[in-house]
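Below, each chain spelled out in residue letters.
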Amino acid sequence: LTLRSPDGATVASLFTVPCHAVSVYPHHQGISADWPGPACDHIAAELGGEALYLQGCAGDIVPPMRGLDARDEMAGFFAGRAAAAARQSGPLPSAPIQITSLTLGLPLTVKARENGERSTRDAEVQVIACGPLALVALPGEPLNGLAREIQRHSPLPHTVVVGYANGRGVGYVGLPGEKARGGYESRAGSGTDECGLFLIETAVRLIKEISE
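Conventions and cut-offs
- Residues numbered from 1 in each chain as written.
- Predicted model: local features only at pLDDT ≥ 70, side-chain atom pairs only at ≥ 80, totals over all residues.
- Heavy atoms only, no water.
- Pairing = 2+ DSSP bridges.
- Helix = DSSP H or I, 4+ residues; strand = E, 2+ residues; numbered from the N terminus.
- Axes fitted to C-alpha atoms, helices over the stretch in contact; angles between N-to-C directions.
- Contact = heavy atoms within 4.5 Å.
- Salt bridge = Lys/Arg side-chain N within 4 Å of Asp/Glu carboxyl O.
- Buried < 20%, exposed > 50% of the residue type's maximum accessible area, 1.4 Å probe, protein only.
- Phe/Tyr/Trp six-rings, centres within 6.5 Å; stacked < 30°, edge-to-face > 60°.

**Q** Can you walk me through the sheet that holds strand β8 (residues 158-162) in this structure?
**A** As a general point, the strands of a sheet are linked pairwise by backbone hydrogen bonds and lie either parallel or antiparallel. The mixed open sheet is built from four strands, whose spatial order is β4-β5-β6-β8. With partners counted over all chains shown, the strands left at the sheet margins are β4 (97-107) and β8, one partner each. Strand-to-strand, the axes of this sheet are offset by a mean angle of 15 degrees, without reference to chain direction. Pairing between strand β5 (residues 120-130) and strand β6 (residues 133-137): five bridges, direction antiparallel. Paired with V127 across the bridge in β6 is V136. Helix α4 (residues 144-153) contacts β6 and β8 of the sheet and is inclined by roughly 155 degrees relative to β8. Each of β4, β5, β6 and β8 touches helix α7 (residues 195-211); the most contacted strand, β4, lies at about 155 degrees to it.

**Q** Please explain the pattern of salt bridges as it appears in this structure.
**A** When the charged atoms of two side chains lie near each other, side chains of opposite charge can form a pair. One pass over the structure, following the stated rule, counts five salt bridges. Across the pair D122 and R118 runs a salt bridge, and its minimum N-O distance is 3.2 Å. Note on D122: relative accessible area 45%, which makes it partly exposed. Here E209 and R205 are joined by a salt bridge, their closest N and O atoms 3.1 Å apart. Of the two residues, E209 and R205 are both situated in helix α7; the distance of four residues between them amounts to about one turn of the helix.

**Q** In this structure, what is going on with the sheet that holds strand β2 (residues 10-17)? I would like to understand it.
**A** The strand order β1-β2-β3 describes an open sheet built from three strands, whose pairing is mixed. This sheet does not close on itself; its edge strands, each paired only once, are β1 (2-4) and β3 (50-55). When strand polarity is set aside, the average angle formed by the axes of neighbouring strands in this sheet is 15 degrees.

**Q** How do you make sense of the packing of aromatic side chains when you look at a structure like this?
**A** How two aromatic rings sit relative to each other is given by the distance of their centres and the angle of their planes. Tallied over the full model, the rule gives four aromatic pairs. Arranged with centres 5.3 Å apart and planes meeting at 45 degrees, the rings of F15 and Y53 form a pair that is tilted. With F15 in strand β2 and Y53 in strand β3, this pair connects stretches of sequence that are 38 residues apart. Their ring planes at 70 degrees and their centres at 5.2 Å tell us that W35 and Y53 sit as a pair that is edge-to-face.

**Q** Just to check I follow, could you spell out unusual backbone geometry for this structure?
**A** Phi is mostly negative for residues that are not glycine, and the peptide bonds are mostly trans. Going from Y25 to P26, the amide bond is cis rather than trans, its omega being 5 degrees. Locating P26 in the fold gives a position in the loop between β2 and α1 (36-47). In this structure, Y164 is a non-glycine residue whose phi angle is positive, near 60 degrees. With a phi angle near 60 degrees, N166 is a residue other than glycine that sits in the positive phi range. Following the sequence through the fold, N166 ends up in the loop between β8 and β9 (172-173).

Here you go:
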C-alpha cells in the first residue's frame, strides 16, 4: 500500500510478509532489525518516502536459512516483490477511514489455568478499513491459516491480516485441529483448540459490519 502526495510522489509504503523476522538468530548477538530493516531501506530507495513493515500471520513460517547473508538475500527478495507490486497497483477509491475492534475472552487450556490464570484471556481483534481495503489486526502469534480463512470469508477484496498486534493474546494460535497435529507452535499456545475459530469469526464479523 503506497500513500502518495497530490503530485504523485510516494510519501510512504506499507508492506507485509507472513514470515518470522529471525534470519540472523542465533548467529548474530547484537541488536538487529533482521531482514525487515534492510527490506525497508531497499523499498524506500526504490519508491521514495518511508517504508513501513507489518508482521503478517507468521506463527508457523520461519526462515530455513540463517545468518547475515540469508538476511540480505531475504531483504532483497521481499523488497523486489513489494516494488513490483507497487508498480502494478491502482488507486483506491476515496473513502473515509473506519476503525472498529472487539475484545473477546479466549478460553485457556487446562495447563495454562494451572498457572493461576482465570479460564479466559482477553484478546482484541481490530479492523481498520478504507473503502475496499481492510487491515485486520490479530493478537498473539497467529498461524497463517487464520489469515487465509479471514481473507476467504471477507467481503472486501483487499484484506490484509497482520499478527502480533494489540497484545499477547494466547500466544501461538492456529486453526482447529492444529493441536492434534502437534509441533512447537501448537504446544506453545495457551489457548484451547477453538481459539483460532473465534478469532476468525470475530474478524469476519467486524469486517462485514464496517463494510456495511
